[in-house]
Every structure is written in C-alpha cells, then in structure tokens.
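Commentary on secondary and tertiary structure
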Amino acid sequence: MSAMLTVCSRALRGRSLERCISSVVEIPKLQNNNVENEPVLAYRAGSRERAELADELKRTAAVTEEIPIVIGGQTIKDGEPQYQVMPHDHSRKIAKFYYASEKTIQKAIEASVEAQVRWDRTPLNERIRIWQNAAELMAGAHRQKLNAATMLGQSKTVVQAEIDSAAELIDFFRFNVFFLKENAKYQPISENPTVTRNSLRFRGIDGFIAAISPFNFTAIGGNLAYTPALMGNGVVWKPSDTALLSNWRIFNIMREAGLPDGIVNFVPADGPTFGRVITTSPFLAGINFTGSVPTFNWLWNEVGKNLNLYRNYPRLIGECGGKNYHFVHPSADVATVVNASIRSAFEYCGQKCSACSRIYIPKSLYEPIKEGLLAERAKLKIGDPTDFSVFTAAVIDDKAFARITGYINGAKKNPKNKILGGGEFDGSKGYFVQPTIIETSDPHDKLMTEEIFGPVLTMYVYDDHDVMKTLALVGSSTKFALTGAVFSKDVNFLQIALEELKMTAGNFYINDKSTGSVVGQQPFGGGRMSGTNDKAGGPNYVMRWTSPQSIKETFVPLREIDYPYMRD
Ligand SMILES: NC(=O)c1ccc[n+]([C@@H]2O[C@H](COP(=O)([O-])OP(=O)(O)OC[C@H]3O[C@@H](n4cnc5c(N)ncnc54)[C@H](O)[C@@H]3O)[C@@H](O)[C@H]2O)c1
Ligand SMILES: N[C@@H](CCC=O)C(=O)O
C-alpha cells in the first residue's frame, strides 16, 4: 500500500463518525522467509575449494596490504603506521594500518550520525537486498579471500577459518535478515481498522552505534558492525588490531554489495583512545562489544560516569569471557569425553570464548580419561596453519603469549599443580604454546577460576561420592557463566545437572563439547560476568538494534469531550 493522505471533504464539513483520512503508515511487504545454514566445505585433496584457497593464500601472503581508515567513503591515513603480523611467523607483516586520532574518531561519529537519518528512511526491502547480495559474495566470489585473511592474519587452520569467516559470517547475514522478517510480521491489534489502525515500525536509534570487535572470530566483527546497520543505525566500527585484514575484507564486500558510504565507518584505533572519544559523545546510542571483561567493565563505567551527557540511554551489549567447563559423571562415555575435551580445549589454541579450560573428572574414570587425553594430546601437530596436517597454530600475539606462559610458569612453581602434558612454548618465530594439560588438587586455584584464553586445560579429580558437592563448585568457584558441558549416560543425573547447573552457562551442552555453536541452532551468549547474553545468532538480537515506534492512526473526527455515561 502506498502512503496516502486523502482528506475526506464531507468529514471536514463536520459530519461525525465518518472516515476522515486514510492511513499514512506503510507496513513493508517482505518476501517469503526461509533460511538454511551455509554448508561447511570439506577441503579434501583435489577439491576445487582447496585449490582456490591455495591460490588465495599465495596472493594474500605475498603483500603487506595497506588499510586506510574510511569515513563517509573518504579514505584517511592518519598518524603512525601500525602492522598486523602473522602470529605463526611474526616477522611477516600482512597488513599496514593507521590508528585514528581523537579528531578522526570524532569525524567518524559525525558522519555516522548524519548518515543514520538518511539510512533509516531506506526501505527495509532495499536494506535486505544488500545483505542478501553480501551473503552471496561471501559464499562465492570472496569466500577464499575471507578464509585466507583469517588463516594468515589470525592463525586459523582451514577448518577453523571455514566455520568462522565463511559459514558463521554468511549465516549471521542471512539469519539476521530472516529474524528481522519474522519480527516484522507482528503488528499490533486494531479492533476496528476503519476507525483506528495501530502499527509498529522499526527505527534505528538516533545517534551512532560503536561496534568494538575482538580478534578471535572474523564473523563476530561482521555481526557486531553490520547487524545494527541492518536495523537502520549509523555505525563506527573499531576492528581488532589483530583481525584487521579479514575485517577490512568484510567492509569491502559490504561496499560491493551496495551499502552506501557513511553507514558503517571503518575506524581502526588505539582501544582506550577510541573508548574515551565514543563514551564522551552525546550521540552515543549503543555499544556493541565483544571482548574481555576488563574492557567491557571499563566501557560500562565510563558510560555511567557520562550518563548526563547523552541524548539516549546508550544500549550496552557486551559478550565477554568464560571459564568453560566439562563435567564428567562416573557413567560417562570415556572416548567422547576425551575427544570432545581435546577439541574444545585446544582447537584454535583455546582462543574461543567457549573453549573448555577446566574439567571435573570422577576418580573412577581418572586413569582412562587421563591416559586418553595425554595420548591424544601427544599426537597433535602444532605449526603453520596453511599446512593441512596441522591441528592448531600460534596464539594471537606477544601479549597473549606472555599471559598464557605466565599461567604455565606459575603452575610449574605451585606444588598443588602438576603439568601432565605440554608446558613448553617458543615465541622466537611465531607465538607457539604447546597444548598443556595440568592436574590440580585445588578447585579454587586460578587455573580453575580465571580465563586464560590459551591452550591450557586443567583437571580436577573428585571422589565419586562427592559428585553433588563438586557439581555445586562449578558455579560457585568462578564469576563466569558462558559455556559448559556435562557428560553422562545416566538420565536421572542429567536431569539433576540440568537444574543444578542452570545459571552456570548461557550455552549448555549434554554429551557434547562446549564449543561449536552454530547461528540459528545454538544462539550464543553467557550470563553473570560472561556478558549481557543478547544471543547472537538468535531471533532477538536484531531487536536490540531498533527503537520501535508504535503508531495509532484515527480516521474519524472527535466531536465531543463528554463520555456517554455522563449523560445517563
Ligand atoms: N562471549 C562471546 O561471545 C565472546 C566471543 C569472542 C570473544 N570473547 C572474549 O573476547 C576476549 C578476547 O578478545 P580480545 O583479546 O580481542 O578482547 P579485548 O577486550 O582485549 O579487546 C576487544 C576489543 O576491545 C578493544 N579495546 C580494548 N580496550 C578498549 C577500551 N578501553 N575502549 C574501547 N575498546 C577497547 C580492542 O582493541 C578490541 O577491538 C576473551 O575474553 C573472549 O572470551 C567473547
Ligand atoms: N561460536 C563460537 C564461540 C565464539 C566465541 O569466541 C563457539 O561456540 O565455538
């Protein structure tokens, strides 16, 4: 229906209960809705995808790509150059970029605020078309460019890149469109639409959204910046220094897909400088953050301090760290526990927010599980991620290397802790830390309670008859509640665990590893200090980025003030 304003002349002559004007509100007609997860390609020897990836890896590794700041379509090269290096070979620079100055960040804010007004008027169908184009480009022509940048820049093996920078990224783009359409189906009740018509429309939020993304998932950068944009917002995107190249490729795909300049502005910057400028802007409408607890706490505190400055209450969405657990019951299947724990703890060097880093094992299963974990750990090949036989590569940077090895060195000195496997590291060529398994006698040791974010798995062995007491420790010993898994063949126990562990994980797995959530299948996010649990990949996430407006239109003139009972 096109927007109409037809004035009824008879009504204007004063005849009551007559339709006066027609509706001016257009409810968008959105095409039929269906969606499926992007298939994960296998990269078997001789496959087309493997050959295409090999070419792209060569092309990407051959140059140091120069990445500018982009504001309103204008490219800027501000300040001292910075470099993104390959974590597994840190002498090799993969990208050169620039930290935006305070003035440049301010300029990006102004461009986003201005663009938001225009963009919010762009019909939903037009926005959806751009997102669908982008998903097709990511799935086809640019898939291997995204994967190559993620493998070389963030040191991911092919399977870890494919599930992230291909499948999950594409899924975010397709599913957010799907959820937007599903949510748009709801229109409020209109009891008699010829007299009064009620409607609800999605608006962006006036101001700008700051998207601040982590290094460990290319897809998360894309989701944090572009889901607010889909919903009609202007965005200032600060990518992580150590994921710049892959994030830059997303930015360019969105331009190619047809996103107008200025809606998302690409602003690499020093974290605290960026944080200070955005939290002191009156136009701050929201922060879409994924990263560590200290950074999110800092941002939250700054927003609190500046509350009187803002035009809106800024929405604070923060998905943070975890101390994810595997809890093993005496009835568990040992092989599943071993394989799931190795994958969860050591894939991508334990640098998934969902990685298992503590495991509770009953005494009765101690020997087979310990032996299994150590045997499998010893087989893992660590090295250059472009070598297809490698299980995992290097940790992201020198800071991560220092933090993780600090925990390992601390464990070596503590008599309560015993390194059972691994414990070696070498940062001379790349930031390599061997997958490490530690046994502790103290369930409150920092190895069992703090986020390490590296390839370190700590086990605590409990007496079988203390199973309930140990279950209680899972939630009481740490402030995090992101992911967790319980392994058991005893249905009664699983039912108890489901209740006892309810608040210990936003993503809870039964007889499966704590990692590997899929968009649309396991919407992701944790509670307690693991974040605001807005469930990326779920139906409500898009709704966090709209400020909906309720509209009531009345088509008949109002002729009196008194109510009928007053005349009875
Ligand atoms: N819950 C989830 O969904 C989820 C997903 C991925 C990662 N994570 C968490 O992210 C962390 C790892 O990522 P990281 O090392 O990139 O985290 P980080 O907190 O160091 O950095 C995240 C982003 O914040 C920026 N930043 C740093 N200080 C800032 C400041 N004062 N103001 C504004 N921005 C600032 C960084 O430059 C980066 O872009 C882990 O704790 C992990 O568990 C959580
Ligand atoms: N989707 C990821 C979590 C993202 C955090 O780093 C998983 O469940 O493995």
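These figures come from a predicted structure and were not determined experimentally.

**Let's talk about the packing of helix H5 (residues 143-154) against helix H8 (residues 244-257)**
Describing two packed helices takes the angle between their axes plus the distance from one axis to the other. Across the interface, H5 lies against H8 with an axial gap of 7 Å and an inter-helix angle of 160 degrees. Taken together, the axes of H5 and H8 lie roughly antiparallel to each other. Every pair of crossing elements has a handedness; the one defined by H5 and H8 is left-handed. Side by side, H5 and H8 meet where Lys145, Leu146, Ala149, Thr150, Gly153 and Gln154 of the first sit next to Leu245, Ser246 and Arg249 of the second. Along the lines of polarity and charge, the residues of the contact of H5 with H8 split into three nonpolar, four polar and two charged.

**Considering the site of ligand 2**
Taken together, Asn216, Phe217, Lys352, Cys353, Ser354, Thr515, Gly516, Ser517 and Phe524 make up the full set of residues near ligand 2. Of the residues assigned to the shell around ligand 2, the class counts are three nonpolar, five polar and one charged.

**Here's the deal with the confidence of the model for the protein chain**
Overall, the predicted model of the protein chain reaches an average pLDDT of 95, with 96% of residues at or above 70. With pLDDT under 50 throughout, residues 1-17 is counted as low confidence; its partners more than four residues away or in other chains account for 25 contacts. The complex model carries a pTM of 0.96, and its ipTM stands at 0.98.

**Structural notes on helix H12 (residues 366-379)**
Taking 1.5 Å of rise per residue, the 14 residues of H12 would be expected to cover 20 Å, and the 20 Å separating its terminal C-alpha atoms lies within 8% of that figure. Lining the buried residues of H12 we find strand S12 (324-328), helix H11 (334-346), strand S13 (356-362), strand S14 (417-421) and strand S17 (436-440).

**What to know about the site of ligand 1**
Close to ligand 1 lie 32 residues; Gly271, Gly275, Gly291, Glu319 and Cys353 are nearest. Elements represented by at least two residues in the shell around ligand 1 include exactly helix H9 (271-279) and helix H10 (293-305). Taken together, the residues that form the shell around ligand 1 break down as 14 nonpolar, 15 polar and three charged. Split by domain, the shell around ligand 1 shows at least three residues from each of two domains, domain 1 (48-320 + 531-550) and domain 2 (324-510).

**Some words on the environment of Leu169**
Of note, Leu169 is situated in helix H6 (residues 158-184). The exposure class of Leu169 is buried, given the 31 C-beta atoms found within 10 Å. Residues Leu169 and Met468 lie 299 residues apart in sequence; the distance between their C-alpha atoms is 40 Å. If we skip the residues at most four places from it in the chain, Leu169 touches Met138, Leu146, Thr218, Ala219 and Gly222.

**Regarding unusual backbone geometry**
In this model, Arg528 sits at a positive phi of 45 degrees, which is unusual for a non-glycine residue. Summarising the element assignment, Arg528 is placed in strand S22 (residues 527-528). In this structure, Asn533 takes a positive phi of about 55 degrees despite not being glycine. Along the polypeptide, Asn533 turns up in the loop between S22 and strand S23 (549-554). Of the residues examined, Asn533 has 20 C-beta atoms within 10 Å and is grouped as buried.

**A closer look at the sheet that holds S17**
Read across the sheet, seven strands follow the order S14-S17-S18-S13-S12-S20-S21 without closing on themselves; strand pairing throughout is mixed. Two strands in the sheet have a free side with no partner beyond their single neighbour: S14 and strand S21 (507-510). Between one strand and the next, the sheet's axes are offset by a mean angle of 20 degrees, whatever the strand orientation. Alignment of strand S20 (residues 483-487) against S21, held across four bridges, turns out to be parallel. Of the residues in S21, the one forming a bridge with Thr483 is Asn507. Packed onto the sheet, H12 meets S12, S13, S14, S17 and strand S18 (456-462) and runs at close to 55 degrees relative to S14.

Rules and cut-offs
Numbering of residues starts from 1 in each chain and follows the order in which that chain's sequence is written. Each chain gets a letter, beginning with A, and each ligand a number, beginning with 1, in the order they are written. Per-residue local features are limited, in this predicted model, to residues with pLDDT of at least 70; the limit for side-chain atom pairs, both in listing and counting, is 80 or more; totals at the level of whole chains, interfaces and linings are taken over all residues. Orientation is described by axes fitted as lines to C-alpha atoms, over the contacting stretch for helices, and by angles from 0 to 180 degrees between their N-to-C directions. A run of H or I in DSSP counts as a helix once it spans at least four residues, and a run of E counts as a strand once it spans at least two, with each numbered from the N terminus. For classification, angles of less than 35 degrees are called roughly parallel, those exceeding 145 degrees roughly antiparallel, those between 65 and 115 degrees roughly perpendicular, and all remaining angles oblique. Note: crossing handedness is left-handed where the near helix turns anticlockwise from the far helix by less than a right angle, and right-handed where it turns clockwise. Whether two residues are in contact depends on their C-beta atoms, placed from the backbone: they are in contact if these lie within 7 Å. Each residue is assigned to one class: nonpolar for Ala, Val, Leu, Ile, Met, Phe, Trp, Tyr, Cys and Pro, charged for Asp, Glu, Lys and Arg, and polar for all the others, Gly among them. Each residue gets a C-beta atom placed from its backbone. If that atom is within 6 Å of a molecule or strand, the residue is near it. The predictor reports its confidence for every residue as pLDDT, a score running from 0 up to 100. Expected span of a helix: the number of residues minus one, times 1.5 Å. Start and end positions for the domains come from either an automated domain assignment or a database one. Exposed residues have 12 or fewer other C-beta atoms within 10 Å of their own C-beta, buried residues have 20 or more, and partly exposed residues fall in between, where C-beta atoms are placed from the backbone. The rule for pairing is simple: two strands pair if DSSP sees at least two bridges between them.

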